[in-house]
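# Structure at a glance
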Amino acid sequence: MARPWLHLCICLQISGFCTNLLLSQTPKDILAQTNNGTEILCELKKEHTGVYWYRWSQERQNFEFLVFSNLLGKTTYGTNITQDKFSVHGVSSRSSYSLHISHLHTSDNGTYYCSVSQSSQLLLGSGTRLGVVDVLPLPPRTTQAPRTKKPMRHVTKSKAAGKKGACNPLVWLPLTASILVLLLSLVPTAYRLHRLRRRLWLRIHRQ
């Protein structure tokens, strides 16, 4: 079982996160998806009586005892910690232990530490930061450099019309028709002016 003085030692060291090179944790960071599982490996380089696992929650500001596993493989769990959620496995040489975490949830976010007791202290591993998300981010796509194409000459409509010039019938036919209509509309007006002028001339001569 986890002893009270061990918890007291951890609480005194939490501000500095006392870690030791005699314990090696891998990986350093884990990003996992909800409802999946993950594994943290702890390698021991000294004699020990068992391995403790703790979790530091930055959000809750809580250093929580999870599970202790001794050399015989007997495990002791912390408060509200179940075997379905956390399990510890060790190799035959008892120099490496792995913590398996199942059914991941966002409440499992935190930094996980393996530790061993020595001289009334707990030596902590380097820590593994676990982040749990609903959807894993997609890796960035590799974009290829666009191929260089030979420049093509683009002729706009205005330039094309300018090149066709005055010989284009589509330009002259509407213009000619407009001029003819204008001339025809002036014929009645000219006739009226002529008659008015003649009447004035006759009046002047009669007087």
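Okay, so let's go over this structure. Residues take numbers from 1 onward in each chain, read along the sequence in its written order. Local features in this predicted model are restricted to residues whose pLDDT is 70 or higher, and side-chain atom pairs enter the listing and the counts only when it is 80 or higher, whereas totals over whole chains, interfaces and linings include all residues. With hydrogens and water excluded, all non-hydrogen atoms of the structure serve as input to the side-chain values.

## Focus on the overall build of the protein
Numbering of helices and strands runs from the N terminus; a helix is a DSSP stretch of H or I covering at least four residues, while a strand is a stretch of E covering at least two. Counting its secondary structure elements, the protein contains 3 helices and 11 strands. From first element to last, N terminus to C terminus, the protein shows the α and β order α-β-β-β-β-β-β-β-β-β-β-β-α-α. Think of it in three bands: with a 1.4 Å probe and only protein chains considered, a residue is buried below 20% of the maximum accessible area for its type, exposed above 50%, and partly exposed in between. Looking at the protein as a whole, 29% of its 207 residues qualify as buried. Should any heavy atoms of two residues lie within 4.5 Å, those residues are considered in contact. Put simply, of all contacts in the protein between residues at least 6 apart along the chain, 57% involve residues at least 24 apart. Total accessible area computed for the protein in this model is approximately 15,500 Å², and 58% of it derives from carbon and sulfur atoms. All accessibility values rest on the Shrake-Rupley procedure with a 1.4 Å probe; residue burial counts only the protein chains present in the view.

## Details of unusual backbone geometry
Among all residues except glycine, the phi angle is most often negative; among peptide bonds, the trans geometry is most common. Cis geometry marks the peptide bond from T26 to P27, where omega comes out at -5°. Position of P27 among the secondary structure elements: in the loop between β1 (23–26) and β2 (29–33). Non-glycine residue Q61 carries a positive phi angle of around 50°. Its location among the elements puts Q61 in the loop between β4 (50–57) and β5 (62–70). In the Ramachandran plot, H103 falls in the positive-phi region, its phi being about 50° despite a non-glycine side chain. As for its placement among the helices and strands, H103 is situated in the loop between β8 (96–101) and β9 (110–118).

## With respect to the sheet that holds strand β3 (residues 38–44)
When DSSP finds two or more bridges between a pair of strands, those strands are recorded as paired. Strand order in the open sheet made by the 4 strands is β1-β3-β8-β7, with antiparallel pairing throughout. Each edge of the open sheet carries a strand with a single partner, namely β1 and β7 (86–90). When the angles between neighbouring strand axes are averaged without regard to direction, this sheet yields 20°. Axis lines are fitted through C-alpha atoms, for helices just across the contact stretch, and the angle between N-to-C directions can take any value from 0 to 180 degrees.

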